[in-house]
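If you want the building blocks of each chain, they are given just below.
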Amino acid sequence: ILNVEQSPQSLHVQEGDSTNFTCSFPSSNFYALHWYRWETAKSPEALFVMTLNGDEKKKGRISATLNTKEGYSYLYIKGSQPEDSATYLCALYGNKLVFGAGTILRVKS
Amino acid sequence: EAQVTQNPRYLITVTGKKLTVTCSQNMNHEYMSWYRQDPGLGLRQIYYSMNVEVTDKGDVPEGYKVSRKEKRNFPLILESPSPNQTSLYFCASSPQLAGGSGQYFGPGTRLTVT
């Protein structure tokens, strides 16, 4: 089973801070890397799907990069807001879609 | 409205009583999947389907069955539920996993087995 690791496990930041977290995976032999945002009491919502080394995607204040050679993806949030508080999941699609355990982000106002 | 629906949303049942959780999507997606979410364990895949009549085991398939007789529906069947299947279940669909916009998740089904 492909091992997808996310760090840190949880993160507390102040409103306005920029932050980032990591998704690590051991193999470059995969088709795509997904990022999802999961707010409490809601369903996971897709943010990005990335496929190529060097891919960079952006949605508002959130962006993500992919480095397939070194086996990681970063998710960045610029100027965090309380509504960004959620669990952020990455998932790797090889022969199956395997999720990491997630990074819990709490933004204090 | 494009959506994934699950029914029921909440269910309390007893050990051994067969149940089915339905999942339906109206987006003509080929890929559908079931996950369970347990505290501290994240999302774990139960079964997935790449297309009609094609299903495969995920990471935790024991105690579950699925079928994909038509594109829009992907029911999850628990033939003899046990308390360790108490969990929050999500169904998801996607046109493809190797690109596009990712999976669309249903609202979740909270199952309690006593």
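Please refer to the structure placed before this passage.
Residues numbered from 1 in each chain as written. Chains lettered and ligands numbered in written order. Predicted model: local features only at pLDDT ≥ 70, side-chain atom pairs only at ≥ 80, totals over all residues. Heavy atoms only, no water.

Caption draft 1: Representation of the overall build of chain B in the model. The number of helices and strands found in chain B is zero helices and 11 strands. Secondary structure elements of chain B occur, N-terminal to C-terminal, as β-β-β-β-β-β-β-β-β-β-β. In terms of C-alpha radius of gyration, chain B reaches 13 Å, essentially the compact-globule figure of 13 Å for 114 residues. Principal-axis analysis of the C-alpha atoms places the extent of chain B at approximately 40 × 30 × 25 Å. (Helix = DSSP H or I, 4+ residues; strand = E, 2+ residues; numbered from the N terminus. Rg over C-alpha atoms; globule rule 2.2 N^0.38 Å.)

Caption draft 2: Structural view of the pairing of strand β3 (residues 19–24) of chain A. All names here are of chain A. Judged from the three bridges that link them, strand β1 (residues 5–7) and β3 form a sheet pairing that is antiparallel. From the neighbouring strand, glutamine 6 faces β3, where its bridge partner is cysteine 23. As defined by bridge partners, β3 adjoins strand β8 (residues 72–77) across six bridges and the pair is classed as antiparallel. Each residue of the ladder has a partner; that of threonine 22, found in β8, is tyrosine 74. (Pairing = 2+ DSSP bridges.)

Caption draft 3: Representation of the interface of chain A and chain B in the model. Between chain A and chain B, the contact holds 18 residues from the first and 22 residues from the second. Carbon and sulfur atoms supply 63% of the area buried between chain A and chain B, which totals about 1600 Å² over both sides. Summed over the shared surface of chain A and chain B, the result is zero salt bridges. Linking chain A with chain B are four residue pairs in polar contact (both at pLDDT 80 or more), by the criterion used here. Those elements that provide at least two residues to the side of chain A that touches chain B are β4 (32–38), β5 (45–50), β9 (86–93) and β10 (97–99) of chain A. Among the elements that line the side of chain A that touches chain B, the one with the most residues is β4(A), at four residues. Partitioning the side of chain A that touches chain B into residue classes produces 12 nonpolar, four polar and two charged. (Contact = heavy atoms within 4.5 Å. Buried area = accessible area lost by both parts, 1.4 Å probe. Salt bridge = Lys/Arg side-chain N within 4 Å of Asp/Glu carboxyl O. Polar contact = N/O pair within 3.5 Å; in protein donor to acceptor, adjacent residues only side chain to side chain. Nonpolar A, V, L, I, M, F, W, Y, C, P; charged D, E, K, R; others polar.)

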